[in-house]
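Below are the chains, spelled out letter by letter.
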Amino acid sequence: MKTIAIILAGGSGTRFGGDTPKQFLKVGDKRIIEYTIDAFDCHPLIDEIAIVCHPDHLAEMENLMASNQYSKVKKVLPGGKERYYSSLAALAVYDNDEDCLLFHDAVRPFVSERIITDCVKALESFDAVTVAIPTTDTIYRVDDNQMIVDIPPRSHLRNAQTPQGFRAGSIRRAYDVALADPAFVTTDDCGVVQRYLPEIPIYVVEGDSRNIKVTYPEDLNAIKEKVVDNLSS
């Protein structure tokens, strides 16, 4: 049994703008994805790393891996049009159902050692885990006419982060069921488990407000501030 980090870098960055996918943008002396890989490559509980990349950027990713000489990066895999294609690409090459897989956004570069540790430890007791932080804003549920129909209590709401961790056999079974559903749609792997294998509980690991995802250009400012803080500490 191995614990494998799957870095999801298949995005083309259409919401971000520009020609360069955001995971390849440089902040300080590194690209965003390099900070992300560093977090897992240095972690003592991670045995191996696989990176799932957009097919158009495979060569660039492989060159980046060669120049860094990461000790735990063993595979660079082509992803697909939808996010879940990247998850399926990893499941296709890791066929030991007892392996623990941690799926993490390439553009969440400052995941902490504590979060990774907590996810790995939680997989000793659960088949599925995720990371989240309490929601600070009031959330409205609206109808098709943009009218409020519900205001859920914030005490029960969380903002999702990554990693999302699974026993490989459980997430594989969830996708097997999901892909047989002609109405299948998903935004993340936990959603697949929750919908198609509802008998599997999904444990929530406490996240961190610093574990941010680069989605829009303004998010880069927070990343730059974090890099400066790290260099000065």
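Scroll up to find the structure this text is about.
Residue positions are given per chain, counted from 1 along the sequence in the order it is written. pLDDT decides what is reported in this predicted model: residues at 70 or higher carry local features, side-chain atom pairs at 80 or more are listed and counted, and totals for whole chains, interfaces and linings draw on all residues regardless. Based on all heavy atoms of the structure, the side-chain values leave hydrogens and waters out of the count.

**A closer look at the sheet that holds strand 7 (residues 128–134)**
At step 1: Here, any two strands with at least 2 DSSP bridges between them count as paired. Helix and strand labels come from DSSP, where a helix needs a run of H or I of at least four residues and a strand needs a run of E of at least two; each type is numbered from the N terminus. Pairing is mixed in the open sheet, where seven strands are placed in the order 5-4-1-6-10-7-11. The two strands at the open ends of the sheet, each matched to only one other strand, are strand 5 (73–78) and strand 11 (202–206). Here the average twist between neighbouring strands, direction ignored, is 25°.
At step 2: Looking at chain direction, strand 7 and strand 11 are connected through five bridges and run parallel. Following the sheet pairing, T130 is matched in strand 11 by V204.
At step 3: In this analysis, two residues are considered to be in contact whenever any of their non-hydrogen atoms come within 4.5 Å of each other. With axes taken as lines fitted to C-alpha atoms, and helix axes fitted only over the stretch in contact, angles between N-to-C directions fall between 0 and 180 degrees. This element, helix 2 (residues 58–68), spans strand 1 (3–9), strand 4 (48–53) and strand 5 of the sheet and lies at about 170° to strand 5.
At step 4: Sheet strands touched by helix 5 (residues 168–179): strand 6 (100–105) and strand 10 (158–167). Its angle to strand 10, the strand with the most contacts, is close to 105°.

**Observations concerning the nonpolar core**
Across soluble globular proteins, nonpolar side chains show a tendency to be buried alongside one another.
At step 1: Ranked by internal contacts, the top residues of the largest apolar core, which has 30 residues, are I33, F40, I49, I51 and M61.
At step 2: Contributions of two or more residues to this core are made by strand 1, helix 1 (32–41), strand 4, helix 2, strand 6, helix 4 (113–122) and strand 7.
At step 3: When residues in this core are grouped by element, the largest group, five residues, is from helix 4.
At step 4: When near neighbours in sequence (up to four residues on either side) are disregarded, M61 contacts A9, F24, I33, I51, C53 and V76.
At step 5: Residues Y84, A89, L91 and Y175 belong to the second largest nonpolar core, which totals 27 residues. As used here, the term nonpolar core means buried Ala, Val, Leu, Ile, Met, Phe, Trp, Tyr and Cys residues forming a set that is joined through side-chain atoms within 4.5 Å. When accessible area is computed with a 1.4 Å probe and restricted to protein chains, residues below 20% of their type maximum are described as buried, those above 50% as exposed, and intermediate ones as partly exposed.

**Things to note about the packing of aromatic side chains**
The way to describe two aromatic rings as a pair is by their centre distance and the angle between their planes.
At step 1: Aromatic rings from Phe, Tyr and Trp, with only the six-membered ring used for Trp, were paired whenever their centres fell within 6.5 Å, and each pair was classed as stacked if the ring planes differed by under 30 degrees, edge-to-face if by over 60, and tilted otherwise. The tally for this structure, following the rule as stated, stands at eight aromatic pairs.
At step 2: Relative to F110, the ring of Y35 has its centre 5.6 Å away and its plane inclined at 55°; by these criteria the two rings are tilted. A residue pair is termed long-range when its members are at least 10 positions apart, and Y35 in helix 1 and F110 in the loop between strand 6 and helix 4 qualify at 75 residues. Accessibility assignment for this pair places Y35 and F110 in one class, buried.
At step 3: Aromatic side chains Y84 and F184 sit 5.0 Å apart centroid to centroid with 75° between the ring planes, which places their arrangement in the edge-to-face category. One end of the pair, Y84, is in helix 3 (residues 83–93); the other, F184, is in the loop between helix 5 and helix 6 (189–196), with 100 residues separating them in the sequence.
At step 4: Connected via pairs of aromatic rings, a cluster forms that spans Y84, Y85, Y175, F184 and Y196.

**Regarding a nonpolar patch on the surface**
At step 1: Where nonpolar side chains cluster on the molecular surface, the patch consists of Y140, V142, I148 and I151 and spans about 380 Å² of accessible area.
At step 2: Along the chain, V142 falls in strand 8 (residues 141–142).
At step 3: Exposure remark for V142: the relative accessible area of 36% places this residue in the partly exposed category. Like charges are joined within 9 Å and nonpolar side chains (Val, Leu, Ile, Met, Phe, Trp, Tyr) within 5 Å, but only among residues with over 30% relative accessible area and no salt bridge; these make up the patches. With residues, only the protein chains shown are counted as cover, and all accessible areas are computed by Shrake-Rupley using a 1.4 Å probe. Only one rule defines a salt bridge in this text: a Lys or Arg side-chain nitrogen within 4 Å of an Asp or Glu carboxyl oxygen.

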